[in-house]
Amino acid sequence: MSVVHSKYPDFIHTFIYSLVLGKHFIINTGNYNHRTGSSIEYVASALVDFLSSFKWIKYRILDCSSADDNYFAEKLESMSHRSSEIHNRHEVLIIIPSNDIKNNFKDGVKIAYFLQSVTRLTKNVGMKNGTTFSAVCVSNMDVLNQHQYLYKQFWLCCSLDSFVNQIQQNQAITVNNLNAYYLKFIKTWSHIQRSGEATIFHSSLRQYILDIVVHLRVHRFSVQGKAGGAQTNSLKDMTFLAKLFALTPFIYKQLYAESSDVELDNCLVTPDFIKQACFWYFPFKLQLSISKEHMKHPNFIKDPSILYGSDPALVDDLCNKLQDLQLMKRKQYQKHYNNTQGNWQQGAQAAQQDSHEQTPEQEYVGQRQDKDHVSQTEADFFFQLLVVKDVLNNVVPPF
């Protein structure tokens with residue numbers, strides 16, 4: 001059973017997984033305009049405080065609002081120079097796109113090219129001295145949806161409520177414990193890379209992932225011209241993510257048992273890890289014809305089944321009902337969001353009190369989920385989650 005209890009990406013594990021692989025991720029501050037500004041400011045400030053507590057992490061904030069043609073080139077040159085001097089270094093880039101980027105395609109392309117260069121730098125330097133670079137984009141999805149090329153540079157997206165909950169509970173997580181957790185991940189991941197993927201990943205699971213990707217691409221709600229958003233690197237990313245899920249309970253056992261032996265005989269990726277990885281990875285990636293972003297385009301088609309004899313009126317009525325269901329989900333989340341936004345400090349104090357009653361594993365996982373609570377991920381990616389659930393019900397696991 002996976003120790004990552006969260007069905008959707010949580011901040012702590014998204015952060016650690018991204019550092020291990022040298023990938024970039026997003027903290028989604030939400031799509032509610034009257035709150036977005038304060039949310040971005042809070043997340044940026046809390047993220048800096050969080051990173052400042054670790055000696056093994058360096059961070060820098062990129063000022064995208066005043067970036068000219070030479071700004072990113074100078075940053076990249078500085079990173080390359082420092083990485084050649086310092087080994088086993090981990091650096092986090094905090095990117096906060098300005099609201100002006102929504103109407104400025106050129107600025108979005110600049111950031112995307114910079115992130116691609118950072119990824120190449122990690123691959124070239126990380127193989128030699130263990131240095132990794134990861135970018136954290138603090139933004140809302142309305143801004144990023146305007147720049148699909150920039151959007152594709154990120155592999156995971158965690159929600160604002162997950163970030164807030166786990167930053168609050170970070171007061172109960174000692175820096176030494178989290179540091180040991182990450183270093184154990186690095187050691188075990190390096191061992192797996194040297195020994196080969198067959199150690200924990202059966203070859204039949206590769207075909208299972210490919211089957212899921214194909215079904216997502218040809219789903220009736222997927223935008224066919226964009227392959228539904230299931231990119232060509234989905235297989236590689238899903239494989240990495242499933243492996244990390246399988247490693248997570250193993251790392252916990254190694255840490256709490258105080259054992260230094262690296263035994264991966266029982267650390268195997270199963271179809272359950274693949275399914276969990278689908279809920280972490282694909283909802284953020286999918287491009288659907290029924291989503292509001294696609295409906296803004298002229299001559300959109302809500303559902304391609306009308307091309308095969310379905311009654312267009314009935315199809316449109318079904319799609320409109322689904323839109324109403326998503327609106328209800330967002331209202332439920334927004335009500336919870338408005339009730340908790342002004343109580344972050346009280347929530348931090350409550351987290352400290354709860355931490356004395358939690359097991360060490362629960363401290364890492366974060367706040368327990370309320371079954372009746374609609375999460376931000378369910379509100380913002382409602383249709384994408386429906387499609388993922390539908391595909392997983394139709395694709396048969398290999399064993």
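Owing to the predicted nature of the structure, the values given are computational and were not obtained by experimental measurement.

1. What to know about the overall build of the chain
What the chain contains, in helices and strands, is 17 helices and 5 strands. Relative to its 399 residues, the chain shows a buried fraction of 53%. Counting only contacts in the chain whose residues sit at least 6 apart along the sequence, the fraction spanning at least 24 positions is 84%. Taken as a whole, the chain presents about 19100 Å² of accessible surface, with 50% of it coming from carbon and sulfur.

2. What about the nonpolar core?
Among the nonpolar cores identified, the biggest contains 81 residues, and F11, F15, I212, I274 and F282 are the most heavily contacted of them. For this core, the leading source of residues is helix α10 (residues 234–256), giving 12 residues. For I212, the contacting residues outside a window of four places in its chain are I274, C278, F282, V391, L392 and V395. Grouped together as the second largest cluster of nonpolar side chains are 26 residues, F72, L115, V118 and C137 included.

3. Focus on helix α11 (residues 271–285)
It helps to recall that an α-helix has 3.6 residues per turn; residues three or four apart then point in one direction. Across its 15 residues, α11 extends 20 Å between first and last C-alpha, which sits within 8% of the 21 Å expected from 1.5 Å per residue. At C278, α11 shows its strongest bend, of approximately 30°. The buried fraction of α11 amounts to 13 of the 15 residues, a majority that puts the element mostly inside the structure.

4. Some thoughts on the packing of helix α9 (residues 204–217) against α11
The geometry of α9 relative to α11 is characterised by a closest axis approach of 11 Å and an angle of 35° between their N-to-C directions. The handedness of the crossing between α9 and α11 is right-handed. Contacts from L205, Y208, I209, I212, V213 and L216 of α9 reach α11 at P271, I274, K275, C278 and F282. Of the residues contributing to the contact of α9 with α11, the split by class is 10 nonpolar, no polar and 1 charged.

5. Things to note about helix α1 (residues 11–21)
In terms of residue burial, α1 counts as a mostly covered element, since 11 of its 11 residues are buried. Among the residues making up α1, those that are buried are F11, I12, H13, T14, F15, I16, Y17, S18, L19, V20 and L21. Capping of α1 at its N-terminal end is provided by D10; its side-chain oxygen lies 3.4 Å from the backbone amide nitrogen of I12. Among the residues trailing α1, G22 stands out with phi positive, at a value near 70°.

6. What to know about the environment of P97
Tracing the backbone through its elements, the reader meets P97 in the loop between β3 (90–95) and α4 (105–129). In this structure P97 comes out as buried when scored by relative accessible area, which is 6%. In this structure, the C-alpha to C-alpha distance between P97 and V138, residues 41 residues apart in sequence, is 7.5 Å. Residues in contact with P97, not counting those within four places in the same chain, are C64, C137, V138, S139 and V143.

What counts as what
Residues numbered from 1 in each chain as written. Predicted model: local features only at pLDDT ≥ 70, side-chain atom pairs only at ≥ 80, totals over all residues. Heavy atoms only, no water. Helix = DSSP H or I, 4+ residues; strand = E, 2+ residues; numbered from the N terminus. Buried < 20%, exposed > 50% of the residue type's maximum accessible area, 1.4 Å probe, protein only. Contact = heavy atoms within 4.5 Å. Areas by Shrake-Rupley, 256 points an atom, 1.4 Å probe, with all protein chains shown as cover. Core = buried A, V, L, I, M, F, W, Y, C linked by side-chain atoms within 4.5 Å. Expected span 1.5 Å × (residues − 1). Bend = angle between axes of the 7 residues up to and from the residue. Axes fitted to C-alpha atoms, helices over the stretch in contact; angles between N-to-C directions. Left-handed = near helix turned anticlockwise from the far one by under 90°. Nonpolar A, V, L, I, M, F, W, Y, C, P; charged D, E, K, R; others polar. Polar contact = N/O pair within 3.5 Å; in protein donor to acceptor, adjacent residues only side chain to side chain.

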